[in-house]
Amino acid sequence: MTAPIGQAPDISADPQSLANAIRFLSIDAVEKAKSGHPGMPMGMADVATVLYSRFLKHDPDAPHWPDRDRFVLSAGHGSMLLYSLLHLTGYHDITRDELKNFRQLGARTAGHPEYGHADGIETTTGPLGQGIANAVGMALAERMMNARFGDDLVDHHTYTIAGDGCLMEGISHEAASLAGHLGLSRLIVLFDDNGISIDGPTSLSVSEDTQARFKAYGWDVDAVDGHDPEAVAAAIARARTSDKPSLIACRTTIGFGSPNKGGKSSSHGAPLGGDEIALVREALDWPHAPFEIPDEIASSWRTIGAARKSEHEAWAARHAETDNAVSAEFDRVMAGELPTDFAQTIDDMKRTLASDPPKIATRVASQKALETLVPAMPELAGGSADLTGSNNTRAGEQKPVQAGDYSGSYLYFGVREHAMAALMNGMALHGGFVPYGGTFMVFTDYCRPSIRLSALMGIRTVYVMTHDSIGLGEDGPTHQPVEHLAALRAIPNLNVYRPCDAIETAECWAAALESKHTPSILALTRQNLTPARTIHVDENLSARGGYVIAEASGERQATLIATGSEVEIAITARGALEAEGIPTAVVSMPCQELFDRQDREYRNKVLAPGTARVAVEAGIAQGWERYVGDDGEIVAMSSFGASAPAPLLYEHFDITPDAVARAAKNALARSGN
């Protein structure tokens with residue numbers, strides 16, 4: 001049975017009974033798991049019921065339908081709210097057994113919603129504030145896709161439930177400010193305004209006027225009783241007509257229905273306990289066994305789940321009537337597939353660079369790559385956190401995205417590094433874009449929680465991180481990344497690329513864009529680098545992670561391993577060692593993660609165990625031990641940097657060709673070769 005947006009379908013169960021089904025599935029699952037957060041699902045069940053029964057455009061039988069509304073549970077600790085909704089509306093992945101296995105090993109119903117575990121989970125949430133920022137990215141992607149493909153193919157909303165904790169986190173301030181600036185009117189935030197945090201009343205730590213704050217950001221703001229379905233529905237209906245993003249403050253009682261724990265922090269993050277659950281069942285007139293949903297209520301929820309199927313069918317008809325080239329391009333970008341001529345585009349770019357190898361910084365080489373890639377990949381969209389001229393993230397006349405005109409592909413994120421990274425995640429999750437974003441490498445510290453979630457979710461985002469070492473010079477140790485490469489390499493499923501010249505930069509961009517389920521860091525220099533690659537080869541050598549960039553003149557005795565700007569240093573050191581009769585090879589290792597995935601035979605061929613091995617990188621030594629072996633040497637940083645011109649800093653910290661050559665001789669002496 002269908003129903004127009006804004007109306008519930010014709011069902012027999014009343015709204016209170018529908019909401020109680022959510023409450024008790026959540027209560028029972030948390031109790032069975034002996035851990036979890038029952039309070040938020042109990043408090044927001046009425047709001048969620050209104051959203052799903054009257055407004056949300058989705059189809060449980062086609063959960064990846066591109067024009068569905070997106071729903072993000074930013075308050076991810078209340079995950080049983082989402083799991084209950086998915087189960088009740090008919091999503092096949094979330095069975096009753098999955099609810100009973102809440103928080104258990106191998107269950108789809110993890111403690112916090114995990115993207116990829118089940119259909120209907122649009123993003124991984126739990127770290128507070130990430131979800132609302134992801135939602136901003138999704139809403140932005142919707143408007144940008146709409147500008148490209150029109151209302152027939154792209155016309156939906158993004159809803160998110162956020163709590164006090166989400167709105168306390170700094171990332172929510174950054175994201176909400178940018179959403180207001182860009183006028184993202186398809187974004188509606190349902191604020192669980194319950195006044196409770198883990199420590200107790202939010203008055204312990206918060207006294208600002210949240211609604212006034214969002215008004216100042218340029219949002220429409222409404223406030224309602226979150227337990228009054230008609231008031232909630234009216235507020236959502238108003239928000240849908242706004243030309244601004246909307247915040248609806250829903251005043252709720254955490255742990256609603258609990259005689260002794262309702263409205264208290266004791267219902268937030270622990271099971272209610274058997275005695276209290278019995279009292280809740282009595283208070284809410286729910287005499288049913290754990291996980292039991294009466295047929296009338298279950299049937300009504302399934303009717304709700306099917307109510308927007310006609311919207312999907314109408315969209316499919318419009319898609320079928322769309323010009324074949326347009327619909328094919330829409331399908332390609334939503335599927336995340338590269339253009340058919342992508343490989344040729346990369347090959348042509350490399351040939352051009354090899355014909356006249358430029359001595360440029362790799363940040364400039366990255367911009368040159370973007371000038372080729374952006375026209376070839378309209379879905380490649382990104383920007384910088386107020387460092388466009390330094391990060392070199394804008395390609396030529398790339399058009400900026402602005403409020404009211406979303407047809408561009410360049411984003412001025414402002415000084416909002418954390419939100420930038422989280423918005424990129426939201427854009428990637430929405431589909432239709434491969435997002436990239438730039439700042440200084442040292443400020444990956446500000447982006448790290450979002451980068452970690454990119455890796456955890458397995459999504460394609462490209463972080464363009466320039467000024468990657470002491471080579472940035474005079475800005476000094478506050479801006480010179482030392483520990484950052486090692487820290488980023490410690491994140492699972494994250495490829496960290498550090499190219500040594502323009503050709504490697506092009507190859508690293510290609511590898512990053514081809515990595516559909518792995519995010520990437522491009523660590524790029526401020527200083528110019530002498531080209532190390534001057535002859536074209538068809539193969540993407542950087543995609544191997546490491547390769548011999550300069551062979552030894554005879555039987556190899558020493559192997560110098562380097563990344564980025566230090567490849568030039570290693571090549572100079574090789575010349576000195578060769579002049580002394582020590583046949584030496586240089587290995588460029590732009591991506592340790594990709595190199596580690598190569599087979600043992602290839603890795604041994606490149607690293608040549610038995611030779612004296614030296615690694616050189618203008619970062620800390622951590623992580624290089626496994627490449628040089630017990631008898632090897634590492635030339636690296638052991639302290640923070642300093643403020644001075646880059647050449648003086650390399651001399652001061654002894655990251656020089658002479659230091660590398662000495663280290664190789666020491667390793668040779670130690671190995672007895």
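> What am I meant to see in helix H2 (residues 39–55) here?
Over its 17 residues, H2 runs 24 Å from end to end, which matches the ideal 24 Å to within 8%, given 1.5 Å per residue. A bend of about 55 degrees at Ala45 is the largest found in H2. H2 sits mainly inside the fold: 17 of its 17 residues count as buried.

> Even after reading the chapter, I still don't get the packing of H2 against helix H9 (residues 229–240), so can you show me in this structure?
Any two packed helices are characterised by how steeply their axes cross, that is the angle between the axes, and by the distance between the axes. At a closest axis distance of 9 Å, the pairing of H2 and H9 adopts a crossing angle of 55 degrees. Relative to H9, the element H2 is oriented oblique. Relative to H9, H2 is oriented so that their crossing is right-handed. Residues Val47, Val50, Arg54 and Phe55 of H2 lie in contact with H9, whose contacting residues are Pro229, Glu230, Val232, Ala233, Ile236, Ala237 and Arg240. Across the contact of H2 with H9, the residue classes tally to eight nonpolar, no polar and three charged.

> So what exactly am I meant to see when it comes to the nonpolar core here?
One recurring pattern in soluble globular proteins: nonpolar side chains tend to sit buried together. Within the largest apolar cluster, 69 residues are counted, with the highest numbers of intra-cluster contacts made by Leu140, Met144, Trp219, Leu423 and Ile521. Sorting elements by how many residues they give to this core places helix H5 (residues 130–149) first, with 11 residues. With sequence-adjacent residues up to four places away left out, Trp219 is seen in contact with Ala176, Ala179, Gly180, Leu187, Val189, Phe214, Lys244, Pro245, Ser246 and Leu247. Counting residues in hydrophobic clusters, the runner-up holds 61 residues, among them Met40, Tyr83, Ile121 and Ile297.

> Before we go on, may I ask you to explain the sheet that holds strand S14 (residues 547–550) in this structure?
Picture the strands of a sheet paired through backbone hydrogen bonds; they go either parallel or antiparallel. Strand order in this open sheet of five strands is S14-S16-S15-S17-S18, and the pairing throughout is mixed. Pairing within the sheet leaves two strands with one partner each, and these edge strands are S14 and strand S18 (633–637). The average angle at which neighbouring strand axes cross in this sheet is 25 degrees, direction not considered. Relative to strand S16 (residues 584–588), S14 runs antiparallel, the two being bridged by three bridges. For Ala550, the partnering residue across the bridge sits in S16 and is Val586.

> How should I be thinking about unusual backbone geometry in this particular structure?
One non-glycine residue, His467, lies in positive phi territory at about 55 degrees. Mapped onto the elements, His467 comes out in the loop between strand S11 (462–466) and helix H19 (484–489). Residue His467 is classed as buried on the basis of its relative accessible area of 5%. One non-glycine residue, Asp654, lies in positive phi territory at about 60 degrees. Here Asp654 shows up in the loop between helix H25 (646–652) and helix H26 (657–671).

> Explanation requested: the sheet that holds strand S9 (residues 410–412) in the structure shown.
What the six strands build is an open sheet, ordered S9-S8-S10-S11-S13-S12; its pairing is parallel. The sheet is open, and its two borders are formed by S9 and strand S12 (495–497), each paired with just one other strand. Strand-to-strand twist of the sheet, defined as the mean angle between neighbouring strand axes without regard to direction, takes the value 20 degrees. Of the strand pairs in this sheet, strand S8 (residues 380–384) and strand S10 (residues 434–440) are connected by five bridges, and their pairing is parallel. The residue bridging Gly383 from the neighbouring strand is Gly437, located in S10. Helix H17 (residues 417–430) contacts S8, S9, S10 and S11 of the sheet and is inclined by roughly 170 degrees relative to S10.

> What's the story with the packing of aromatic side chains in this structure? I'm lost.
Between two aromatic rings, the relevant description is the distance of the centres plus the angle of the planes. Per the counting criterion, the structure on display carries 14 aromatic pairs. Ring geometry for Tyr52 against Phe71: centres 5.6 Å apart, planes inclined by 85 degrees, an arrangement best described as edge-to-face. A residue pair is termed long-range when its members are at least 10 positions apart, and Tyr52 in helix H2 and Phe71 in strand S1 (residues 70–73) qualify at 19 residues. The residues Tyr52 and Phe71 share a single accessibility class, namely buried.

Criteria and cut-off values
Residues numbered from 1 in each chain as written. Predicted model: local features only at pLDDT ≥ 70, side-chain atom pairs only at ≥ 80, totals over all residues. Heavy atoms only, no water. Helix = DSSP H or I, 4+ residues; strand = E, 2+ residues; numbered from the N terminus. Expected span 1.5 Å × (residues − 1). Bend = angle between axes of the 7 residues up to and from the residue. Buried < 20%, exposed > 50% of the residue type's maximum accessible area, 1.4 Å probe, protein only. Axes fitted to C-alpha atoms, helices over the stretch in contact; angles between N-to-C directions. Parallel < 35°, antiparallel > 145°, perpendicular 65-115°, else oblique. Left-handed = near helix turned anticlockwise from the far one by under 90°. Contact = heavy atoms within 4.5 Å. Nonpolar A, V, L, I, M, F, W, Y, C, P; charged D, E, K, R; others polar. Core = buried A, V, L, I, M, F, W, Y, C linked by side-chain atoms within 4.5 Å. Pairing = 2+ DSSP bridges. Phe/Tyr/Trp six-rings, centres within 6.5 Å; stacked < 30°, edge-to-face > 60°.

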